[in-house]
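This is what each chain is made of:
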Amino acid sequence: MRNYTTQMDAARKGILTPEMKKVAEKERMAPADLQRLVAEGKVVICANKKHTCLEPEGIGSMLRTKINVNLGVSRDCKDYDIEMKKVMSAVELGAEAIMDLSSHGNTQPFRQKLTRECPAMIGTVPVYDSVIHYQRDLATLTAQDFLDVIRLHAEDGVDFVTLHCGITRKTIEQIKKHKRKMNIVSRGGSLVFAWMSMTGEENPFYEYYDQILDICEEYDVTISLGDACRPGCLADATDVCQIEELVRLGELTKRAWDHNVQVMVEGPGHVPLNQVAANMEVQKSICMGAPFYVLGPLVTDIAPGYDHITGAIGGAVAAMSGAAFLCYVTPAEHLALPNVEDVRQGIIASKIAAHAADIAKGVPGAREIDDRMADARRKLDWEEQFACALDPETARAIRDSRSPEDDHSDTCSMCGKFCAVRSMNKALAGEYIDIL
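Residues numbered from 1 in each chain as written. Predicted model: local features only at pLDDT ≥ 70, side-chain atom pairs only at ≥ 80, totals over all residues. Heavy atoms only, no water.

### So, unusual backbone geometry
Then, in step 1: Here the residue pair P268 and G269 is connected by a cis peptide bond, since its omega of 20° sits within 30 degrees of zero.
Then, in step 2: Here G269 lies in the loop between β6 (263-267) and α13 (273-286).
Then, in step 3: With an omega of -10°, the peptide bond running from G296 to P297 counts as cis.
Then, in step 4: Here P297 lies in the loop between β7 (292-295) and α14 (307-320).
Then, in step 5: Unusually for a residue other than glycine, N183 sits at a positive phi of about 50°.
Then, in step 6: Within the secondary structure, N183 is located in the loop between α8 (169-178) and α9 (187-199). (Helix = DSSP H or I, 4+ residues; strand = E, 2+ residues; numbered from the N terminus.)

### Notes on the pairing of strand β5 (residues 222-225)
Then, in step 1: Along β5, one buried face is formed by T222 and S224 and the opposite face, lined by I223 and L225, is buried too.
Then, in step 2: As defined by bridge partners, strand β4 (residues 160-163) adjoins β5 across four bridges and the pair is classed as parallel. Counterpart to V161 in the pairing with β5 is I223.
Then, in step 3: For β5 and β6, the ladder comprises three bridges, and the chain directions are parallel. Residue pairing across strands places L225 opposite V265, the latter belonging to β6.
Then, in step 4: Remark: the β5/helix α12 (residues 240-258)/β6 crossover connection has right-handed handedness. (Buried < 20%, exposed > 50% of the residue type's maximum accessible area, 1.4 Å probe, protein only. Pairing = 2+ DSSP bridges. Right-handed = clockwise from strand over helix to strand, strands pointing away.)

### What about the packing of helix α2 (residues 18-26) against helix α3 (residues 31-40)?
Then, in step 1: Between α2 and α3, the least distance of the axes is 9 Å, while the angle of their chain directions is 115°. In terms of crossing hand, the pair formed by α2 and α3 is right-handed. Residues M20, V23 and A24 of α2 pack against P31, L34, Q35 and V38 of α3.
Then, in step 2: Across the contact of α2 with α3, the residue classes break down as six nonpolar, one polar and no charged. (Axes fitted to C-alpha atoms, helices over the stretch in contact; angles between N-to-C directions. Left-handed = near helix turned anticlockwise from the far one by under 90°. Contact = heavy atoms within 4.5 Å. Nonpolar A, V, L, I, M, F, W, Y, C, P; charged D, E, K, R; others polar.)

### Here we look at the side chain of T171
Then, in step 1: Inspection of the secondary structure assignment puts T171 in helix α8.
Then, in step 2: Leaving out residues up to four positions away in the same chain, T171 has contacts with F193, C229 and R248.

### Let's talk about the packing of aromatic side chains
Then, in step 1: For the coordinates displayed, the defined rule picks out six aromatic pairs.
Then, in step 2: Between F146 and F205 the ring centres are 5.5 Å apart and the planes differ by 50°, which places this aromatic pair in the tilted class. Note that F146 is positioned in helix α7 (residues 143-156) and F205 in helix α10 (residues 204-207), a separation of 59 residues in sequence.
Then, in step 3: Here the aromatic residues F146, W195 and F205 are joined through ring pairs into a cluster of three or more.
Then, in step 4: Taking NZ or CZ as reference, R248 lies 5.9 Å from the ring centre of Y206, over its face. (Phe/Tyr/Trp six-rings, centres within 6.5 Å; stacked < 30°, edge-to-face > 60°. Lys NZ or Arg CZ within 6 Å of the ring centre and 35° of its normal.)

### Quick word on α8
Then, in step 1: For α8, the set of buried residues is T171, I172, Q174 and I175. Buried residues of α8 fall within an arc of 165° about the axis and therefore sit on the same side. Set apart from the buried face of α8 by more than 90 degrees, the exposed residues are K176 and K177. (Arc of directions from axis to C-beta.)

### Describing the environment of F160
Then, in step 1: Mapped onto the elements, F160 comes out in strand β4.
Then, in step 2: Overall, F160 belongs to the buried group, its relative accessible area being 0%.
Then, in step 3: Residues F160 and C419, 259 residues apart in the sequence, show an inter-C-alpha distance of 50 Å.

### Looking at a nonpolar patch on the surface
Then, in step 1: Taken together, the side chains of L273, Y306, I309 and I313 define a hydrophobic patch exposed on the protein surface, amounting to about 390 Å² of accessible area.
Then, in step 2: For L273, the location among the structural elements is in helix α13. (Patch = residues over 30% accessible without salt bridge, like charges linked within 9 Å, V, L, I, M, F, W, Y side chains within 5 Å. Areas by Shrake-Rupley, 256 points an atom, 1.4 Å probe, with all protein chains shown as cover. Salt bridge = Lys/Arg side-chain N within 4 Å of Asp/Glu carboxyl O.)

### Details of the state of the cysteines
Then, in step 1: As enumerated under the stated definition, the model contains zero disulfides in all.
Then, in step 2: Of the cysteine sulfurs around C46, a residue in no disulfide, the closest is that of C216, at 11 Å.
Then, in step 3: Looking at C46, the relative accessible area reads 0%, which means it is buried.
Then, in step 4: You can see C415 has no disulfide; the closest cysteine sulfur is in C412, sitting 5.4 Å from it.
Then, in step 5: Residue class for C415 comes out partly exposed when judged on its relative accessible area of 36%. (Disulfide = S-S within 2.5 Å.)

Pasting the structure below:
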């Protein structure tokens, strides 16, 4: 019988939950240290009490960097079976979270299937689902309608919800005054902005924040405070709209903690490489160390088709500088809904970024697999190299497609008998080194 409401409530009461024990073991951390970080809000364990098949993970800048995968159907791509294939591929490749961003059809059965069968954390953006759930245009929805959809998602077992609480009617004037190149590129943020513009009312996610906190506390749903004003191009990065919203998100973080509700804060977006670390530092200060969840960040605007690489570059620097959670970017970003292969490539790119950052941060055990790989390469042990690879299937397929000749099959086909590793192994063993 639970005698606590949320993971944060438990930590503050000195209760070590089963989820905390599992996360501490994974992170090679003393359970008491993890418990303290959860109590302080510097680590979140997104774990809706109705998501019973969850394999819990911790999100915080001092832990392993975690990866989120966005998917979901749209009007133009509406096959839920394909989306489930993406989910399975994401879990197999090691993604820690899945966000269902579906914006078409009957979304609830898919969402419930995820929380019944998927061990990864499940996130949603309830404002997307509001129009779909009620089958009514945006302007006809009420504040209560939005709150009821948040409750519906919580009852369905989602572990975290992105809510764009930080923009207000003041933001409307700011956007008009500052004339950003890309205005608002957050889909949820633009819907809230449009609703305020059409109804003349205040942002319901801000105005009724206390009621939302009550719902999240009841189910132990983590709030991911959405950055509606995240920059959508380099020209808009770190501007007054972005920073003013971040200040409000810091205030909302404190209010959530007063309710024992766990919080992540979402961040940019498109940011020049030289501004990435500064953005992380500003967030840590304004939001008191709450975990930072970033999209990319993308460090250039001109790479459609390759934005998984753009995002990985920014993501590595962001995570090294304090970001705790990377939302993957796929090659399809800015172009189309990602297919299964796009999802795979996006995950691999983000995993590389996360792992590189974890090594740089000195996360316990992060470099062990790299050292194993170095040993395997020195021994020219190909099976062990594949076992150490982030994507063994691709590594094996490349080698098999261009395999070396039989008399130097221990090397690769780039160097053959000119292989430096082969030559050094033979030289140090006192053996004759044949080249021709």
